[in-house]
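Overview (structure and organization)
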Amino acid sequence: MNATVATSVFGVFMVLTVALGLLAVRGRGGGGGIAEWSVGGRSLGTVMIWVLMAGEGYTSFSYLGAAGWGYNFGSPVLYVIAYLSCGYAIGYVVGPTLWSYARTHGLVSITDMVAHRYNRPWLGALVAVLATVCLLPYIQLQITGMGVVVSTISYGAISLDWAYFIAFAVTTAFVVVSGLRGSAWVSVLKDILVIATLAFLAVYVPLHHFDGYGPFLDRLVAEKPEWLTLSGHGGSGLGATWFATTSFLNSLTVVIFPTTVAGYLGARSADALRRNAILLPFYNVLLFVPMLLGMAAIFVVPGLTGAGSNLALFKLIVDSLPAWLVGVIGVAAALSSIVPMAVFMLVIGTMWGRSVLGTVPALAGRPRRQRFAAQTVVVAAGVLALALTYAAPNTLVRLSLISYEGMAQLVPMILIGLVWRKLTLWGALSGLVVGGALVCALVFTEHDPVGGVNAGALALGANLVVALAVSWLGPTPADDRPDAEVLASDPGPEAEARPALPERPERPGGAAVSGGV
């Protein structure tokens with residue numbers, strides 16, 4: 001009976017999720033070209049951008065991984081709150097700058113920006129491939145996370161294999177139809193459920209199991225003090241240096257992550273992004289809940305090991321709450337997988353539709369055909385992630401270790417390149433190669449962290465040194481375009497008053513038309 005009730009609640013909300021995706025594009029004449037599908041026609045206001053970007057940051061990790069890290073290590077998990085908050089502060093400046101650059105030149109993705117800045121369409125294709133390698137593990141991990149949640153809340157009635165397929169099918173269905181706008185609409189539902197369920201759990205679990213926060217924290221201090229200090233429990237090596245370098249690296253990386261940039265480019269104005277950067281840190285308060293509940297689970301459900309520790313939060317509630325409420329909490333966790341997974345898939349489709357397949361003469365300069373190509377890539381990416389979830393889950397889980405640190409190596413090419421003309425194509429590319437190779441070498445030989453320092457931060461340092469050295473000492477590719485065409489700047493109010501410009505046309509073969517509009 002419990003399984004039937006919880007599964008029925010879950011099924012109703014999944015139907016509602018797809019319905020919201022369809023409703024999001026109602027009356028939009030078939031959805032238009034790739035800009036309407038991939039960045040919502042650049043028309044999302046402060047509230048929709050807030051829920052969308054909060055949805056990207058609040059994934060299944062927030063219910064599973066954050067609680068699991070709290071259960072296994074303790075305080076090192078606070079790096080998530082640190083880097084997101086610092087990233088939002090950096091995004092206050094970077095977000096409007098990228099938004100203005102894309103709007104001015106009719107661009108719809110981070111790969112578009114790279115190709116335009118360095119005047120090399122093939123560079124956009126290269127970055128698209130790199131970003132896809134970094135994003136696919138996240139899709140797989142969201143599929144896995146949702147599968148674990150669905151199987152758990154159904155009391156085992158739904159197998160993991162079927163739960164994985166449900167995650168793929170629901171997400172693919174609404175993202176193909178509705179794009180970024182549909183993800184934003186579903187984020188509203190997700191955020192209402194996340195806020196409500198975590199607020200409830202923040203009160204219920206300490207009262208039910210410990211008679212309040214006071215007794216719980218007293219017991220934690222008395223019996224598990226190592227969970228409250230860096231480097232946490234178990235000699236993890238995640239000390240103060242690791243915490244600082246990881247927070248620094250991730251705060252830089254999150255502002256140029258392709259999914260974050262998709263949120264930036266969907267905004268109606270630069271001011272909407274500035275307000276969003278101010279409001280988003282308040283959402284981080286919710287992250288304390290699964291972290292604390294993960295530590296509470298140490299006393300209630302001791303002995304969880306390996307992947308089982310990720311179920312710490314759900315082990316606290318499955319046997320103590322009515323089935324319908326378990327179903328609602330499971331829906332909130334499932335939507336926390338679906339929304340970011342949808343944006344990951346959409347971004348991969350957009351990058352390939354524009355920067356890789358968009359260079360094919362039959363697609364160049366034809367936004368509707370590029371949209372169809374991008375939607376096809378979305379389905380292909382989802383199928384690939386689902387197949388690897390079944391066949392070789394450890395492969396992508398392994399790759400996920402270098403995903404964020406690998407994406408960090410694009411920081412000089414994008415952030416420095418868009419504000420400093422003297423960073424050359426070969427300098428940026430050389431730094432990317434060196435940084436990427438060093439990350440792979442350190443991670444795959446299990447030397448991360450290195451002396452307590454995040455391996456990605458070391459690689460980024462080497463990347464930057466090489467990029468600057470090659471730019472100063474190496475060849476300078478010819479580029480006669482004025483600085484205003486190449487570089488980005490923070491827009492003023494007068495720039496925001498201008499109407500949105502059309503998507504950037506391309507000549508056959510992928511060469512962009514000079515002038516960009």
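Throughout, residues of each chain are indexed from 1 in the direction in which the sequence is written. Only residues with pLDDT of at least 70 get local features here, since the model is predicted, and only at 80 or more are side-chain atom pairs given and counted; chain-wide, interface and lining totals rely on the full set of residues. Side-chain metrics in this entry use all non-hydrogen atoms of the structure; hydrogen atoms and water are not considered.

With that out of the way, let us pick up the overall build of the protein chain. The number of helices and strands found in the protein chain is 23 helices and zero strands. Remark: exposure states derive from per-residue accessible area (1.4 Å probe, protein chains only) relative to the maximum for the residue type, with buried under 20%, exposed over 50%, and partly exposed in between. The buried share of the protein chain, reckoned over its 517 residues, is 59%. Here the accessible surface of atoms and residues is derived via Shrake-Rupley with a 1.4 Å probe, and residues count as covered only by protein chains that are part of the display. Working note: accessible area of the protein chain is about 19000 Å², and carbon and sulfur atoms make up 69% of it. In this text, helices come from DSSP runs of H or I with a minimum length of four residues, and strands from runs of E with a minimum of two, each type numbered from the N-terminal end.

Take threonine 111: it is sitting in helix H7 (residues 110-118). Ignoring any residue separated from it by four or fewer positions in sequence, one finds threonine 111 in contact with Gly124, Val127, Ala128, Met351 and Ser355. The contact definition used throughout considers only heavy atoms, calling two residues in contact when any of these lie within 4.5 Å.

All right, on to the pattern of salt bridges then. For this document, the term salt bridge refers to a Lys or Arg side-chain nitrogen within 4 Å of an Asp or Glu carboxyl oxygen. Under the criterion given, the structure shown has six salt bridges. Two residues, aspartate 479 and arginine 481, come together in a salt bridge whose shortest N-O distance is 2.8 Å. Here the residues in one salt-bridge network are Arg421, Asp479, Arg481 and Asp483, joined through shared partners.

The set of buried Ala, Val, Leu, Ile, Met, Phe, Trp, Tyr and Cys residues whose side-chain atoms join them within 4.5 Å is what this entry labels a nonpolar core. Within the largest apolar cluster, 152 residues are counted, with the highest numbers of intra-cluster contacts made by Met113, Ile139, Leu201, Phe314, Ile317 and Met413. Here this core takes 21 residues from helix H16 (residues 323-356), the largest share from any one element. If near-sequence neighbours (up to four positions away) are discounted, isoleucine 139 is found in contact with Met341, Phe344, Met345, Ile348 and Ala385.

Under the 1.5 Å per step criterion, the end-to-end length of helix H14 (residues 288-300) is 18 Å for 13 residues, consistent within 8% with the ideal 18 Å. Across the 13 residues that make up H14, a large majority, ten, are buried. Residues Val289, Pro290, Met291, Leu293, Gly294, Met295, Ala296, Ala297, Ile298 and Phe299 constitute the buried set of H14. Take the residue count of a helix, subtract one, and multiply by 1.5 Å to get its expected span.

Relative to the helices and strands, aspartate 490 resides in the loop between helix H22 (483-486) and helix H23 (493-496). Residues aspartate 490 and leucine 98, 392 residues apart in the sequence, show an inter-C-alpha distance of 8.2 Å. For aspartate 490, the residues in contact, after removing those within four places along its chain, are Pro96, Thr97 and Arg274.

Two numbers describe how helix H8 (residues 121-153) lies on helix H9 (residues 160-210): the axes approach to 8 Å, and their chain directions differ by 125 degrees. Taken together, the axes of H8 and H9 lie oblique to each other. In this structure, H8 crosses over H9, and the sense of that crossing is right-handed. From H8, Ile143, Thr144, Met146, Gly147, Val148, Val150 and Ser151 reach across to H9, where they touch Leu160, Ala163, Tyr164, Ile166 and Ala167. Classifying every residue of the contact of H8 with H9 by side-chain character gives nine nonpolar, three polar and no charged. Helix axes are fitted only over the stretch in contact, all axes being lines through C-alpha atoms; the angle between N-to-C directions runs from 0 to 180 degrees. Roughly parallel means an angle under 35 degrees; roughly antiparallel means over 145; roughly perpendicular covers 65 to 115; every other angle is labelled oblique. Should the near helix be turned anticlockwise from the far one by less than a right angle, the crossing is left-handed, and should it be turned clockwise, the crossing is right-handed. Residue classes follow a fixed rule: Ala, Val, Leu, Ile, Met, Phe, Trp, Tyr, Cys and Pro count as nonpolar, while Asp, Glu, Lys and Arg count as charged, and any other residue, Gly among them, counts as polar.

Attention shifts here to unusual backbone geometry. At the junction of leucine 230 and serine 231, the peptide bond is cis and its omega measures out at 15 degrees in the coordinates. Of note, serine 231 is situated in the loop between helix H10 (213-223) and helix H11 (240-254). Going from aspartate 448 to proline 449, the amide bond is cis rather than trans, its omega being 5 degrees. The backbone of aspartate 211 shows a phi angle near 65 degrees, a positive value even though the residue is not glycine. Mapped onto the elements of the fold, aspartate 211 is located in the loop between H9 and H10.

Further remarks concern the environment of aspartate 448. Secondary-structure assignment places aspartate 448 in the loop between helix H20 (425-444) and helix H21 (455-473). For the pair aspartate 448 and tryptophan 242, spaced 206 residues apart in sequence, the C-alpha separation works out to 9.6 Å. Residues within four places of aspartate 448 in sequence aside, it is in contact with Glu405, Leu442, Val443, Val453, Asn454 and Ala455. Under the rule applied, a polar contact is a pair of N or O atoms within 3.5 Å (in protein, one hydrogen donor and one hydrogen acceptor; residues adjacent in sequence only if both atoms are side-chain atoms). Here the side chain of aspartate 448 touches alanine 455 through a polar contact of 3.0 Å, landing on its backbone nitrogen.

Moving on, we get to H20. Between the first and last C-alpha of H20 there are 28 Å, a value that for 20 residues agrees with the 28 Å anticipated at 1.5 Å per step. Taken residue by residue, H20 has Leu425, Gly427, Ala428, Leu429, Gly431, Leu432, Gly435, Val439, Leu442 and Val443 as its buried positions. Glutamate 446, located one to two residues past H20, shows a positive phi value of around 60 degrees.

The rule is short: rings of Phe, Tyr and Trp, with Trp giving its six-membered ring, pair when the centres are within 6.5 Å, and they are stacked under 30 degrees, edge-to-face over 60, tilted in between. If you walk through the whole model with that rule in mind, you get 17 aromatic pairs. Measuring from ring centre to ring centre gives 5.9 Å for tyrosine 79 and tyrosine 83, while their planes differ by 25 degrees; the resulting arrangement is stacked. On the criterion of helical spacing, the pair formed by tyrosine 79 and tyrosine 83 is a turn pair, its members being four residues apart in helix H6 (residues 79-105). Side by side, tyrosine 79 and tyrosine 83 carry an identical accessibility label, which is buried. An aromatic cluster is defined as three or more aromatic residues linked by ring pairs; in this entry it consists of Trp69, Phe73, Tyr79, Tyr83, Tyr138, Trp242, Phe257, Phe344 and Tyr404.

Relative to the helices and strands, threonine 246 resides in helix H11. In this structure the side chain of threonine 246 is engaged in a polar contact, spanning 2.9 Å, whose partner is the side chain of asparagine 454.

Glancing now at the environment of leucine 321. Locating leucine 321 in the fold gives a position in the loop between helix H15 (312-317) and H16. Separated by 117 residues in the primary sequence, leucine 321 and tyrosine 204 place their C-alpha atoms 9.9 Å from one another. For leucine 321, the residues in contact, after removing those within four places along its chain, are Tyr155, Phe200, Leu201, Tyr204, Val326 and Ile329.

Time to look at the packing of H9 against H10. Contact geometry for H9 and H10: axes closest at 8 Å, N-to-C directions at 70 degrees. Put simply, H9 runs roughly perpendicular to H10. Along its contact with H9, which presents Ala202, Pro206 and Phe210, the element H10 presents Tyr213, Pro215, Phe216 and Arg219. Among the residues making up the contact of H9 with H10, the classes are represented as six nonpolar, no polar and one charged.

With that settled, the discussion passes to the confidence of the model for the protein chain. Across the protein chain, the average pLDDT comes to 83, with 86% of residues at 70 or higher. Taken as a whole, residues 505-517 scores under 50 in pLDDT and shows 34 contacts with residues more than four places along the chain or in a different chain. In predicted models, pLDDT denotes the confidence assigned by the predictor to each residue on a 0 to 100 scale.

Moving on to a nonpolar patch on the surface. Residues Tyr92, Val93, Ile278, Leu279 and Phe282 make up a contiguous nonpolar surface patch of roughly 490 Å² in combined accessible area. The set of elements that each furnish at least two residues to the nonpolar patch consists of H6 and helix H13 (270-283). Among the elements that line the nonpolar patch, the one with the most residues is H13, at three residues. Relative to the helices and strands, leucine 279 resides in helix H13. The class for leucine 279 is partly exposed, based on a relative accessible area of 37%. Patch membership requires over 30% relative accessible area and the absence of a salt bridge. Like charges are linked within 9 Å, and nonpolar side chains (Val, Leu, Ile, Met, Phe, Trp, Tyr) within 5 Å.

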